[in-house]
Amino acid sequence: MESDAKQIISKVYKAKNDSHAADDLIESYLPFIRSEAAKILKRPVDQSDDEMSIAMFAFYEAIRNYSRLRGSFLKFAALQIKNRLIDYFRKEKRNRGHISLDEADDDDTSLIDSISDEHDDYRENEIREATQQEIAELSAQMDDFGVSMSDVADNSPKQRRTLEICQKAIYYARNNPDILEDFLRTKKVPLARLSEGAGVERKTLERHRRYLVAVLLICTNGYEIMRGHIMQVLKGGERS
Amino acid sequence: MKYIVMECHKGYAVLMDEESRFVTAANLGYNVGDTINDPVLMSSGSEDASRRKIMITAKFVSIAACLTLLIGSGYLYYSSNYKTYSTVIISEADVKMSINKKGKVIKLESCNQRGEEIIKDYNAKGKDQLTAANEIIELGISKGYLSDGETVSLYVSDGETDKYDEISDDSDNNINKHNLKVSVHSMNEYDDRKSVSATNPVTTDAPPAPAVPEKPPAAPAAPQPAEPPHGAPLPDGNDKAVVPPTAPNADVPAPAEPPVKPDDNNVPPPLSEPKATEPAAPPHEPHHDTEPPSAPDKINEPKHDKQPDKEPIPKRSEINITPNGILNKELPHPEVNIKAPNIP
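Residues numbered from 1 in each chain as written. Chains lettered and ligands numbered in written order. Predicted model: local features only at pLDDT ≥ 70, side-chain atom pairs only at ≥ 80, totals over all residues.

(A) Representation of the overall build of chain A. Within chain A, the secondary structure is distributed over 15 helices and zero strands. A burial count over chain A gives 32% of its 240 residues as buried. Counted over contacts in chain A with a minimum sequence separation of 6, partners at least 24 positions apart contribute 61%. (Helix = DSSP H or I, 4+ residues; strand = E, 2+ residues; numbered from the N terminus. Buried ≥ 20, exposed ≤ 12 C-beta atoms within 10 Å, placed from the backbone. Contact = placed C-beta atoms within 7 Å.)

(B) Representation of the overall build of chain B. Helix and strand content of chain B: six helices and nine strands. Evaluated residue by residue, chain B yields a buried proportion of 42% over its 344 residues. Long-range pairs, those at least 24 residues apart, make up 59% of the contacts in chain B with a sequence separation of at least 6.

(C) Here's a closer look at the sheet that holds strand E2 (residues 13–17) of chain B. Residue and element names in this part refer to chain B. An order of E3-E2-E1-E4 is seen for the four strands of this open sheet, with the pairing classed as antiparallel. Each end of this open sheet is capped by a strand with a single partner; those strands are strand E3 (22–25) and strand E4 (35–36). Sheet analysis places strand E1 (residues 3–8) next to E4, joined by two bridges and oriented antiparallel. If you follow tyrosine 3 over to E4, its bridge partner there is isoleucine 36. (Pairing = 2+ DSSP bridges.)

(D) Summary view of the packing of helix H3 (residues 30–41) of chain A against helix H5 (residues 73–94) of chain A. Residue and element names in this part refer to chain A. Their axes nearest at 10 Å, the elements H3 and H5 cross at an angle of 45°. Our classification of the angle between H3 and H5 gives oblique. Crossing geometry of H3 relative to H5 is assigned as right-handed. Residues Phe32, Ile33, Glu36, Ala37 and Ile40 of H3 touch H5, and the partners they reach there are Leu74, Ala78, Ile81, Lys82 and Leu85. The class makeup of the residues in the contact of H3 with H5 is eight nonpolar, no polar and two charged. (Axes fitted to C-alpha atoms, helices over the stretch in contact; angles between N-to-C directions. Parallel < 35°, antiparallel > 145°, perpendicular 65-115°, else oblique. Left-handed = near helix turned anticlockwise from the far one by under 90°. Nonpolar A, V, L, I, M, F, W, Y, C, P; charged D, E, K, R; others polar.)

(E) Spotlight on the interface of chain B and chain A. Contact residues are listed per partner, giving 28 residues for chain B and 33 residues for chain A. Looking at the side of chain B that touches chain A, the elements that each hand over two or more residues are E1, E3 and helix H1 (45–81) of chain B. Each residue belonging to the side of chain B that touches chain A can be placed in one class, and the counts come to eleven nonpolar, nine polar and eight charged.

(F) Broad picture of helix H2 (residues 19–28) of chain A. All names here are of chain A. Taken as a whole, H2 has its buried residues at Ala22, Leu25 and Ile26. One side of H2 holds all its buried residues, which, seen down the axis, span an arc of 100°. For H2, exposure combined with an orientation more than 90 degrees from the buried face picks out Glu27 and Ser28. Those residues of H2 that are buried lie in contact with helix H1 (2–17), H3 and helix H4 (50–65). (Arc of directions from axis to C-beta.)

(G) Highlighting H3(A). Residues and elements named next belong to chain A. Compared with the 16 Å implied by 1.5 Å per residue over twelve residues, the 16 Å span of H3 between its first and last C-alpha is a close match. Where H3 is concerned, the buried positions are Ile33, Glu36, Ala37 and Ile40. Angularly, the buried residues of H3 cover 100° about the axis, an arc narrow enough to put them on a single face. Buried-residue contacts for H3 involve H4 and H5. Taken from the residues just after H3, lysine 42 is the one with a positive phi, measuring 60°. (Expected span 1.5 Å × (residues − 1).)

(H) Structural context of the pairing of strand E9 (residues 181–186) of chain B. Residue and element names in this part refer to chain B. For E9, the tally of buried residues reaches five of six residues, placing the bulk of the element in the interior. As paired elements, strand E8 (residues 151–156) and E9 share six bridges and run parallel to each other. Bridge pairing in E9 places valine 152 opposite valine 182.

(I) View of the pairing of E3(B). All names here are of chain B. Summarising the sheet, E2 and E3 pair through four bridges and their orientation is antiparallel. By the bridge assignment for E3, alanine 13 is matched with alanine 25. Between E2 and E3, which follow one another and run antiparallel, lie four residues, and serine 20 among them has a positive phi close to 70°.

(J) A look at the environment of B:Met187. Within the secondary structure, B:Met187 sits in helix H5 (residues 187–198). With 32 residues separating them along the chain, B:Met187 and B:Tyr155 place their C-alpha atoms 5.0 Å apart.

(K) Structural view of the environment of A:Thr162. All names here are of chain A. Note on placement: threonine 162 falls in helix H9 (residues 160–174). Separated by 45 residues in sequence, threonine 162 and arginine 207 have C-alpha atoms that sit 10.0 Å apart. Once residues within four sequence positions are removed from consideration, threonine 162 is found in contact with Pro157 and Thr204.

(L) Up close: the sheet that holds strand E7 (residues 105–110) of chain B. All names here are of chain B. The five strands are arranged E7-E6-E5-E8-E9 in an open sheet whose pairing can be described as mixed. Strand pairing shows two members of the sheet lacking a second neighbour, E7 and E9, which therefore form its edges. When the angles between neighbouring strand axes are averaged without regard to direction, this sheet yields 20°. Examined bridge by bridge, strand E5 (residues 86–90) and E8 share three bridges and lie antiparallel to one another. Counted as the bridge partner of isoleucine 89 is tyrosine 155 from E8.

(M) The arrangement of the nonpolar core in detail. Counting residues in each nonpolar core, the largest one holds 70 residues, and the members touching the most others are A:Phe59, A:Ala169 and A:Leu216. Residues within four places of A:Leu216 in sequence aside, it is in contact with A:Ile170, A:Ala173, A:Leu180, A:Phe183 and A:Val189. By size, the runner-up hydrophobic cluster in this structure holds 26 residues, among which are B:Val88, B:Ile90, B:Met97 and B:Val105. (Core = buried A, V, L, I, M, F, W, Y, C linked by C-beta atoms within 7 Å.)

(N) Main features of the confidence of the model for chain B. All names here are of chain B. Summary statistics for chain B give a mean pLDDT of 68 and a share of 49% for residues scoring 70 or more. The low-confidence segment residues 221–305 (pLDDT under 50) makes 224 contacts with residues lying over four places distant or belonging to another chain. Confidence metrics for the complex model read pTM 0.50 and ipTM 0.87. (pLDDT = per-residue confidence, 0-100.)

(O) Main features of the packing of H1(A) against H2(A). Residue and element names in this part refer to chain A. The geometry of H1 relative to H2 is characterised by a closest axis approach of 6 Å and an angle of 135° between their N-to-C directions. Considering the angle they form, H1 stands oblique to H2. Here H1 contributes Lys11, Val12, Lys14 and Ala15 to the contact with H2, which in turn contributes Ala21, Ala22 and Leu25. Taken together, the residues of the contact of H1 with H2 sort by class into five nonpolar, no polar and two charged.

Rendered as structure tokens:
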């Protein structure tokens, strides 16, 4: 029993910093996650259910937040799953007054079919595919810098003030193409030039180096969709 | 806020919002490139951890602050109420009072057996120092160790050096009803006097010398003094005339003659049995800072105590100092001139 517990804990600590190890751990504990969700829901849970996704997400959160001081990992994970599902139910309860678009009428036609849709699905699919392609290219380029999307998510600034400092540096880089060229060539973020040019603390930029890699890459050629997604924010860096 | 799905995993997805933040959220069946409006975001574990650390630190700091406050206030309370701030010695009563910062008595100690008898069954804790001094003096008087007309010396430690006059006036006002004079001195004078008396052959607490053999005839107008209560030492150490202990049944605590006035050499106090050792009580030094007492030098004073300006009372000295230098509590009949034999 103790060796199993130790084994789980070592796997958990490995999965904290490795997204693949985290995926493997979640995969191996899917029955546990399903059973815990079923306890809360008091009904069997299917893999496609949103509640199952929430429970898996809670298990991942438990991996990220677990420490040995908290005792047994599985108990901790069970508690996280329970809390997340309760939060999810409360949120869903607030939306209970809405009618589901999938609800069928008397003539077995769902509401979503009867409502006219002005969206161009074909166009949306095209945009989605282009976005996927850009994201794939971005991921590949980030691999050259030794950075993954999960790393960027962990390294992304949480506070408004820190975010604005990083945005100032990015805006300065966008207005100085030689910095971006230097960045692509050396595969290193020119922290000194950015801090000096943007008038921000170098230490803050150093703390969020991986985030800057991702955003500076988006600012280079080839990522129009993503750049368009965050363009308003990049313009706002000029004003602030 | 719109989010673009950047990466999908088994239990989570990475999204990018319109402010260029990258966040982790639950993967509710997302595909890379999807645009999401209302994701289930992960609460930042690192923020929780740092918040937890801050909370734990804050708890420890608050506990430490509370403990410091408690200890500090406890110490303040202790130093105000239980720590000895000054000491007052009532030399005539041989009693030492330990006083706290508020002027209240913390502890009462006797310097010798006489003092012990005076303060026996007396509790001065919490009383004002002057009140306690008055009560001790009254006890001394009631038990016959002090008598009217005497000068009471209060020795005050250096902590209250600037209060001499105040203590003196207060004591004077409160003790005057017993026709006692009060003199207040520094504790250094007491220490000096003690060191002087230490060289005095008068032995402290030594048993008294054998009683004077002859009992003089009754004093002219002095009633026969009753025996002092058993175990009660004769009052001595008074600089003024020794007053025999008051008999329990005596109506008049003192004989008609003024025994406290050594000036009246012809009316010496009546004889009484020698009692417990008269401690070579710190000779009552002449009160330099007060008017000369009505009584001349104390008969208990060691011979080397020099009072050039005071009229000596040779007879009393002779009478009351035994050959061994031990204070003889027995006082001869006024008409009897007993000279102490010289015993090597």
